[in-house]
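Breakdown of the fold
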Amino acid sequence: MLSETSTATVRATLPAVGAAIEDITERFYARLFDAHPELLRDLFNRGNQAAGTQRQALAGSIAGFATHLLEHPGTRPDAMLSRIAHKHASLGVSAAQYKVVHQHLFEAIVEVLGDAVTPEVAAAWDEVYWLMANALIALEERLYTERGYLVGGTWGDWEVVGRREETGDVASFLLRPVGGGTPQPFQGGQYVSVQVELPDGARQIRQYSLVSAPDAAVRQISVKRERGGEESPAGEVSNHLHDTVQPGRVLRVSAPFGDLVLDSALGGAERPLLLASAGIGVTPMVSLLAELVDREYGAPVAVLHADRSPAAHALRGDQAILAEKLTAGTTHYWYEEGAGDLGRVGYADLTDLELPAGTAAFICGPLPFMRSIREQLLAKGVPAADIHYEVFGPDLWLASA
Ligand SMILES: NC(=O)C1=CN([C@@H]2O[C@H](COP(=O)(O)OP(=O)(O)OC[C@H]3O[C@@H](n4cnc5c(N)ncnc54)[C@H](O)[C@@H]3O)[C@@H](O)[C@H]2O)C=CC1
């Protein structure tokens, strides 16, 4: 909890810091990568840096954390912290790295705000930083130790033992640990980080949801080729995987992390579920469904998916087969074109969908889709706390929340 003196100072300076936060985070990353070029090459996503989205996400999380401290003193924004901690753990982040970030972040604050950063102001924001950093460090250490990993030591070598083209843009890669052995079961909905060496020697990392059943001996990821367009650069890692990775290749893969998991929503008891995905957001839903089937889940499960067309709908077969195996599963599909009798036309529309009382929702897909589903669920009376979501890449939902 923020001290009384710092609370007053943070309250008085939040508007100024908030207004300058994107400038501050831009200079922060410039300073950080100047001092540690290896971080941009081998840890941070270069595409997100170039597009500025990581900066917006960091700005959003700092501003969000400070606002939370002021508005809800004595509590923590647990959902936000948990999401960040899982992502960090999958990257192997360690406590020492928070000191490096602190140094460059505070230098950037002074560079942007100048004399406004009195010792009192610096001390108050220092307190905010360390409240957030220490909360994350504790969560990350718990994630490592719970699973018996050394801090930062979750990477392993995995051999690609199969590859399957799912759609024109999505390929699945089947992975088995080098040296054999059955991997520990993960939780449906979790993801792994994958690190590949690119032609210029950079070792870039991306997260991909696990698609296989949590206890499968062979793990599967399904990757959409990010072709890029006017607003977004082509995905360096997804294109590399599509163009060069065939069976026999060994990839560096992290242990599974991610908190879009059943236990976070269920609290021990079965309840009606809604699993809504769009586009490549289908991936975590498939492992969640596999886990539900495995548990012989008895409560109603509504499986919703929206896509450009049936042909673009990756893993449609797996999703349908698993939904069919559920005791009380229903499927609802929407396609922008070519729906025929395979689904409804247009974006996902929940107007006609009857939601049993007590439904918990899981959503994953492009941000506009997730916002639209969240709005529709809130309008139908689903409490915000029962809406769980996964964001791939920088959390711009937070930045704009
Ligand atoms: N959870 C996450 O953070 C995810 C992020 N993405 C990101 O989103 C981008 C696009 O993903 P794609 O699979 O190519 O999806 P996409 O662009 O093919 O869209 C899939 C479907 O989302 C729905 N949708 C799109 N805009 C909507 C809107 N404004 N309102 C309601 N529904 C809407 C439509 O039904 C559309 O067919 C990717 O670049 C990816 O990085 C994708 C999946 C998951």
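One structure accompanies this document, and this report is about it. These numbers were taken from a predicted model, which means no experiment stands behind them.

When its volume is computed, the second largest pocket comes out at roughly 930 Å³. Taken together, 35 residues form the lining of the second largest pocket, with Pro77, Asp78, Ala79, Met80 and Arg83 sitting closest to its centre. Of all the secondary-structure elements, those providing two or more residues to the lining of the second largest pocket are helix H4 (53-71), helix H5 (78-91), helix H7 (119-146), strand E12 (387-390) and helix H13 (396-400).

It is worth spelling out empty space enclosed by the protein at this point. Where empty space is left can be seen by rolling a probe of water-molecule size over the atoms. In this structure the tally under the stated criterion is 1 cavity of 30 Å³ or more. By volume, the largest cavity amounts to about 30 Å³. Lining of the largest cavity is provided by Val93, Ser94, Ala95, Ile137, Glu140, Glu141, Tyr144 and Val151. With 4 residues, the top contributor of residues to the lining of the largest cavity is H7.

Once that is clear, we can look at the sheet that holds strand E2 (residues 170-177). Spatial strand order, E4-E3-E6-E1-E2-E5: 6 strands in an open sheet with antiparallel pairing. Either end of the sheet is taken by a strand with one partner, and the two such strands are strand E4 (203-209) and strand E5 (219-224). In this sheet, neighbouring strand axes are inclined to one another by 40° on average, regardless of whether the strands run parallel or antiparallel. Of the pairings in the sheet, the one linking strand E3 (residues 191-197) to E4 comprises 7 bridges and is antiparallel in character. Among the inter-strand pairings, Tyr191 is bridged to a residue of E4, identified as Ser209.

Our next topic: the sheet that holds strand E10 (residues 344-345). Pairing is parallel across the open sheet formed by 6 strands, whose spatial order is E10-E9-E8-E7-E11-E12. Sheet topology places E10 and E12 at the edges, where each strand pairs with a single neighbour. In the packing of helix H12 (residues 367-379) onto the sheet, the strands contacted are strand E7 (273-278), strand E8 (301-307), strand E11 (360-364) and E12, and the crossing angle to E11 comes to about 165°.

Here we take up the packing of aromatic side chains. The geometry of an aromatic ring pair is captured by the separation of the ring centres together with the interplanar angle, meaning the angle of the planes. Counting across every chain of the model gives 9 aromatic pairs. Between the aromatic rings of Tyr129 and Trp130, the centroid separation amounts to 5.0 Å while the plane-to-plane angle is 90°, which identifies the pairing as edge-to-face. On the basis of relative accessibility, which here comes to 12%, the residue Tyr129 falls in the buried class. With relative accessibility at 23%, the residue Trp130 sits in the partly exposed group. Between Tyr149 and Phe257, the ring centres sit 6.2 Å apart and the planes meet at 65°, which makes this aromatic pair edge-to-face. You can see Tyr149 sitting in the loop between H7 and strand E1 (156-165) and its partner Phe257 sitting in the loop between strand E6 (250-253) and helix H9 (262-266), a full 108 residues away along the chain. You can call Phe257 buried: its relative accessible area is 0%. Three or more aromatic residues link up through ring pairs in this structure, and these residues are Phe28, Tyr29, Phe33 and Phe44.

About the cut-offs
- Residues numbered from 1 in each chain as written.
- Predicted model: local features only at pLDDT ≥ 70, side-chain atom pairs only at ≥ 80, totals over all residues.
- Heavy atoms only, no water.
- 1 Å grid on protein atoms, 1.4 Å probe; cavity = no way out; pocket = protein on both sides within 12 Å on 5 of 7 lines; lining within 4 Å.
- Points joined across faces, edges and corners; volume = space filled by probe spheres on them.
- Helix = DSSP H or I, 4+ residues; strand = E, 2+ residues; numbered from the N terminus.
- Pairing = 2+ DSSP bridges.
- Axes fitted to C-alpha atoms, helices over the stretch in contact; angles between N-to-C directions.
- Contact = heavy atoms within 4.5 Å.
- Phe/Tyr/Trp six-rings, centres within 6.5 Å; stacked < 30°, edge-to-face > 60°.
- Buried < 20%, exposed > 50% of the residue type's maximum accessible area, 1.4 Å probe, protein only.

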